[in-house]
Amino acid sequence: MNTMKYVDAFRDRAAADRLVHEIRQRQTQRWTLMEVCGGQTHGLMRYGIAEELAPEVELIHGPGCPVCVTPLEAIDRALQLAFRDDVIVTSFGDMLRVPGSQYSLLSARAAGGNVRAVYSPSDAVALAKAHPRRQIVFFAVGFETTAPATAIAVRQARGLRLKNFSLLVSHVRVQPAMRAIAESHDCQVQAFLAAGHVCAVMGYESYDEFVARHHLPVVVTGFEPIDLLEGVLEAVYQLEEGRAEVANRYAWSVRAEGNRNARDLVHEVYEVCDRRWRGIGEILEGGLRLRPAWRDFDAEYRFPLSIQPTEEPGECRSGDVLAGRIKPPQCAAFGTRCRPDRPLGAPMVSSEGACAAYYRYARSHVS
Amino acid sequence: MCLAVPGKLVRWLDRDPTFAAAEIEFAGVRRRCQMACVPDAVEGDYVIVHAGIAITRLDTAEAERVIAELARVESNTSPVDKRHLEP
């Protein structure tokens, strides 16, 4: 069987084949790995790697889709702000399409709400500078990869002495979520492929303690097919030899200490907090919030809002998908009542969501 | 949000520590990007840009190899991709 149809186009076809061959040679039993990052989920599906390796390795898809885990009440807060006359809510395009407890920010715009997509948080700062009479709120979601972008934006706003820019912060941290998964009573994961770009920012030294505690290999992995296969192979090497270590298979982008400038910037602006993740629940130390020194730029203080925690629509099983308990096609609504054009839950919307990846690349195999 | 496509630093636009910015080229398209986290990057370097800010400098030889491969994959697989999008 050779399902890696997309890799056919590769100059490095031979390298991909060698890696697959090596994985098969090494492997004496079927192993279960979790790729944490949604970008990697899409790569594994798009290039046919998950399917090609299915007999040897089960790939469970992790919660690394930032807009998917942004809690409903955070979206509801942004929605409330969007309907104030003096406010323009800005965020990444993906975030605008994710349904809140009733509707998305994009549909709020259709209903007269003030909502704009921006390419970067600094663009929202520029918008604030250009519209001094409007309050510009940037809805700051994402992992440690995105936190440097929102941190520099708020520093720029302070530098420009802007009184009309604020952040509605719902940043999340990867490692506490991996810890929650590793400590769950029904954890199937035998090794983690760690999110390459989070590690590019934060480094991977902090995984030593995680590995020592949980005895699960952690392999820093990239996004390109060869990178993904090398990550899987390293995990299989370790599992077959009974080792559990931190390994870096994305060395052309990631250094052990990460990016010191980016880490310092995030540390200057944000502090760790507990956070409720959509579909998963409260995660200890699972989020970032603005430090008190930056409170002048915190939308939660500028615009007191009262939002009650709400529940996911009954039929959507995104919580089970995000925690790796089921694959998207195991949800009864997948591809029928839930599609990218009319999603029930966030993982069907986002370019990093597991449901969207299956809908786009693997529907023919499941229908 | 998590695009792994490396971009090439064409020229610096601003060297201020907070407002640092440079023109970065992605597959022929140039875009202004925030550079506060990679202040030591020089013209010709490759960086990964995430949400408008460069978050890491790349090994140049490896970045060029990957860009060449991605270009090849895109040109060869887009018809297949499109077919998959059709219901």
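Bear in mind the structure is a predicted one, so any value in this text is a computation, not a measurement.

Chemist: Before we go on, may I ask you to explain the overall build of chain B in this structure?
Modeler: The helix and strand inventory of chain B stands at one helix and five strands. Taken from N to C terminus, the helices and strands of chain B fall in the order β-β-β-β-β-α. Within chain B, buried positions represent 38% of all 87 residues. Partitioning the intrachain contacts of chain B with sequence separation of at least 6 by distance along the chain shows that 25% fall at a separation of at least 24.

Chemist: Can you walk me through the overall build of chain A in this structure?
Modeler: Helix and strand content of chain A: 18 helices and 11 strands. A compact globule built from 367 residues would reach a C-alpha radius of gyration of about 21 Å, and chain A, at 21 Å, matches this within 12%. C-alpha extents for chain A along the principal axes are approximately 65 × 45 × 45 Å. The contacts of chain A with a sequence gap of at least 6 include a subset with a gap of at least 24, amounting to 76%.

Chemist: Explain helix α1 (residues 13–26) of chain A to me, please; I cannot follow it from the model alone.
Modeler: Residues spaced three or four apart along an α-helix face the same direction, because each turn holds 3.6 residues. Residue and element names in this part refer to chain A. For α1, which comprises 14 residues, the first-to-last C-alpha distance of 20 Å matches the rise-based estimate of 20 Å (1.5 Å per residue) to within 8%. Turning to α1, its buried residues number three or more, namely A16, L19, V20 and I23. Seen along its axis, α1 keeps its buried residues to an arc of 95°; they face one direction. Along α1, the residues that are exposed and aim more than 90 degrees away from the buried face are A14, H21 and Q25. Looking at the packing, one finds that the buried side of α1 touches α3 (49–52) and α13 (225–240).

Chemist: Would you mind showing me how to read the packing of helix α9 (residues 147–159) of chain A against helix α14 (residues 260–269) of chain A here?
Modeler: Two numbers describe a pair of packed helices, the interaxial angle and the distance between the axes. Residue and element names in this part refer to chain A. The N-to-C vectors of α9 and α14 enclose an angle of 60°; their axes lie 9 Å apart at closest approach. Here α9 lies oblique to α14, going by the angle between them. Judged by the sense of rotation from one axis to the other, the crossing of α9 with α14 is left-handed. For the pair α9 and α14, contact is made by A147, P148, A151, I152, V154 and R155 and by A262, L265, V266, E268 and V269, respectively. Taken together, the residues of the contact of α9 with α14 break down into nine nonpolar, no polar and two charged.

Chemist: What is the right way to look at the domain arrangement of chain A in this model?
Modeler: When the parts come together, some accessible area is lost, and that loss is often what is quoted as the size of the interface. Residue and element names in this part refer to chain A. The assigned domain composition of chain A is domain 1 (13–315) and domain 2 (316–360). If you average the C-alpha positions of domain 1 and of domain 2, the two centres end up 17 Å apart. Facing the 26 residues of domain 1 at the interface are 21 residues of domain 2. Of all elements in the fold, only α2 (38–46), β2 (57–64) and α4 (66–69) reach the threshold of two or more residues within the side of domain 1 that touches domain 2. Considering each element in turn, the side of domain 1 that touches domain 2 owes the most residues, five residues, to α2.

Chemist: Where do I start with the sheet that holds strand β3 (residues 87–91) of chain A in this structure?
Modeler: Sheet strands pair by backbone hydrogen bonding; their relative direction is either parallel or antiparallel. Residue and element names in this part refer to chain A. Within the open sheet, the six strands sit side by side as β4-β3-β5-β6-β11-β10. Their pairing is mixed. Single-partner strands in this sheet number two, and they are β4 (115–117) and β10 (270–277). Across the sheet, the axes of successive neighbouring strands diverge by a mean angle of 25°, strand direction being ignored. Pairing of strand β6 (residues 165–172) with strand β11 (residues 281–290), which is carried by two bridges, proceeds in the antiparallel orientation. When the bridges of β11 are listed, H171 appears paired with L288. Across the face of the sheet, helix α8 (residues 121–130) comes into contact with β3, β5 (135–142) and β6 while running at roughly 175° to β5.

Chemist: Looking at this model, I keep getting lost on the packing of α1(A) against α13(A). Mind explaining?
Modeler: Residues and elements named next belong to chain A. Two numbers describe how α1 lies on α13: the axes approach to 10 Å, and their chain directions differ by 15°. What the angle tells us is that α1 and α13 run roughly parallel. Where α1 crosses over α13, the two elements pack in a sense that is left-handed. In this structure, α1 uses A15, A16, L19, V20, E22, I23 and R26 to contact α13, whose residues at the interface are P225, I226, L229, E230, V232, L233, V236, Y237 and E240. In the contact of α1 with α13, the residues fall into 12 nonpolar, no polar and four charged.

Thresholds applied
Residues numbered from 1 in each chain as written. Chains lettered and ligands numbered in written order. Predicted model: local features only at pLDDT ≥ 70, side-chain atom pairs only at ≥ 80, totals over all residues. Helix = DSSP H or I, 4+ residues; strand = E, 2+ residues; numbered from the N terminus. Buried ≥ 20, exposed ≤ 12 C-beta atoms within 10 Å, placed from the backbone. Contact = placed C-beta atoms within 7 Å. Rg over C-alpha atoms; globule rule 2.2 N^0.38 Å. Expected span 1.5 Å × (residues − 1). Arc of directions from axis to C-beta. Axes fitted to C-alpha atoms, helices over the stretch in contact; angles between N-to-C directions. Parallel < 35°, antiparallel > 145°, perpendicular 65-115°, else oblique. Left-handed = near helix turned anticlockwise from the far one by under 90°. Nonpolar A, V, L, I, M, F, W, Y, C, P; charged D, E, K, R; others polar. Domains from an automatic or database assignment. Pairing = 2+ DSSP bridges.

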